[in-house]
Amino acid sequence: MIELKNIRKDYGQGKQVTTALSGLDLSINKGEIFGVIGHSGAGKSTLIRLINLLERPTSGEVYVDGINMTKLNKSQLQAQRRKIGMIFQHFNLLSSATVYENIAFPLRLVKTDNKKVDQKVKELLELVGLTNHSNKYPSQLSGGQKQRVGIARALASDPQVLLCDEATSALDPQTTNSILKLLLDINQKYNLTIVLITHEMHVISTICDRVAVIHQGGIVEEGPVAEVFLKP
Ligand code: ADP
Ligand code: ADP
């Protein structure tokens, strides 16, 4: 589903270059929950942002659903990005829009008719358990509820991939577990491929099928979670 081939990512130019990733290869299968763990500065955020080309690799190739992302023009890239939802550590909701309109936002962008928007938003509100909060504003919600809105918004375009950028790092342990359970339910219900980055081992061991350990811009370990973490 996702393939990164011989990726290098440099930030800056000349003497100021920081190499965030180098010689990185990664292959993620359809329907799996794949975790990337590593310390701050290891390159996790760069890695996940390469998948939807929020960052462009300095060299190497990014394939999603068989399509080489680096070769697309602007409108092709927009279309391809609709297959890839994303959620964030700080939720990134529109503060002046209601829960309903936050979820509807990706559909409004492509001028979906109101009836379809309404149907989809109601289905998603139910999925994430926020049916009774649709007219609230983000400031009236708890952190866990905000992330549920983020998840519903990310699913509005029926993506095949969900990218989770430290999605539970701002939440308490109990709320983290409820969000992880929701992600697992969604993975099973839609056979959605989920890629998550985290610095928390607990997140990986709770829901991931496979994990990669990233260190100083390269993958140092990769495999099924039980194999990578239960080594003597
Ligand atoms: P992580 O998500 O694991 O904390 P990042 O991908 O954010 O790691 O960062 C990897 C490396 O790239 C770090 O050395 C970081 O300082 C550097 N880096 C990240 N983004 C930028 C940027 N926009 N400009 C310059 N350097 C950056
Ligand atoms: P830092 O440069 O951030 O101090 P460390 O050398 O302490 O990094 O290593 C950071 C983490 O990266 C380790 O705790 C481990 O999780 C992971 N790591 C580093 N090297 C390896 C390795 N060879 N195999 C597995 N994990 C590794």
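An unreviewed UniProt entry annotates the chain as Methionine ABC transporter ATP-binding protein of Paenibacillus gallinarum.

Bridge analysis of strand β9 (residues 210-215) against strand β10 (residues 218-224) gives six bridges, and the strand direction is antiparallel. Looking across to β10, one finds that Ile-214 is bridged to Ile-219. Taking the residues between adjacent antiparallel strands as the criterion, β9 and β10 are bridged by two residues, where Gln-216 takes a positive phi near 45 degrees.

Moving on to the pattern of salt bridges. Any two side chains of opposite charge can pair, given that their charged atoms come close. Enumeration over the complete set of coordinates arrives at eleven salt bridges. Put simply, Asp-118 and Lys-122 hold a salt bridge, and the shortest N to O gap is 2.8 Å. Taken together, the residues Asp-118 and Lys-122, both in helix α4 (residues 114-128) and four residues apart, mark about one turn of the helix. For Glu-222, the salt bridge identified is with Arg-210, shortest N-O distance 3.2 Å. Taken together, the residues span a long stretch of sequence, with Glu-222 in strand β10 and Arg-210 in strand β9 at a distance of twelve residues.

This paragraph deals with the confidence of the model for the chain. Looking at the chain, the pLDDT average stands at 96 and 99% of residues meet or exceed 70. The ipTM assigned to the predicted complex is 0.71, against a pTM of 0.89.

Right, let's get into the site of ligand 2. Every residue lining ligand 2 is accounted for by His-39, Val-213, His-215, Gln-216, Val-220 and Glu-221. Taking His-215, its side chain carries an N or O atom lying 3.4 Å from an oxygen atom of ligand 2. Protein contacts shield 38% of the accessible area of ligand 2, which totals 560 Å² for the unbound molecule. Mapped by element, the contributors of at least two residues to the shell around ligand 2 are β9 and β10. A class-by-class count of the residues in the shell around ligand 2 yields two nonpolar, three polar and one charged.

Checked against the element boundaries, Asn-102 lands in helix α3 (residues 99-109). Within the structure, Asn-102 has its side chain in polar contact with the backbone oxygen of Ala-97 (distance 3.1 Å). Setting aside its immediate chain neighbours within four residues, Asn-102 contacts Leu-93, Leu-94, Ala-97, Pro-138, Val-149 and Arg-153.

To continue, consider the sheet that holds strand β4 (residues 59-64). A sheet is described by the order of its strands in space; here four strands give the open sequence β2-β1-β4-β5, paired in antiparallel fashion. Here the strands that pair on one side only, and so sit at the sheet edges, are β2 (18-28) and β5 (67-68). With seven bridges connecting them, strand β1 (residues 2-11) and β2 associate as antiparallel partners. Within β2, the residue paired with Glu-3 across the bridge is Ser-27.

With that settled, the discussion passes to the site of ligand 1. Surrounding ligand 1, one finds Tyr-11, Thr-18, Ala-20, His-39, Ser-40, Gly-41, Ala-42, Gly-43, Lys-44, Ser-45 and Thr-46. Ala-42 is positioned with one of its backbone polar atoms (N or O) 3.2 Å from an oxygen atom of ligand 1. Residue Gly-43 places a main-chain N or O atom 3.0 Å away from an oxygen atom belonging to ligand 1. Secondary-structure elements contributing two or more residues to the shell around ligand 1 are β2 and α1 (44-51). It is α1 that provides the largest number of residues to the shell around ligand 1, a total of three residues. Considering only residue class, the shell around ligand 1 consists of three nonpolar, seven polar and one charged.

The rules behind these values
Residues numbered from 1 in each chain as written. Chains lettered and ligands numbered in written order. Predicted model: local features only at pLDDT ≥ 70, side-chain atom pairs only at ≥ 80, totals over all residues. Heavy atoms only, no water. Pairing = 2+ DSSP bridges. Helix = DSSP H or I, 4+ residues; strand = E, 2+ residues; numbered from the N terminus. Salt bridge = Lys/Arg side-chain N within 4 Å of Asp/Glu carboxyl O. pLDDT = per-residue confidence, 0-100. Near = heavy atom within 4 Å. Polar contact = N/O pair within 3.5 Å; in protein donor to acceptor, adjacent residues only side chain to side chain. Areas by Shrake-Rupley, 256 points an atom, 1.4 Å probe, with all protein chains shown as cover. Nonpolar A, V, L, I, M, F, W, Y, C, P; charged D, E, K, R; others polar. Contact = heavy atoms within 4.5 Å.

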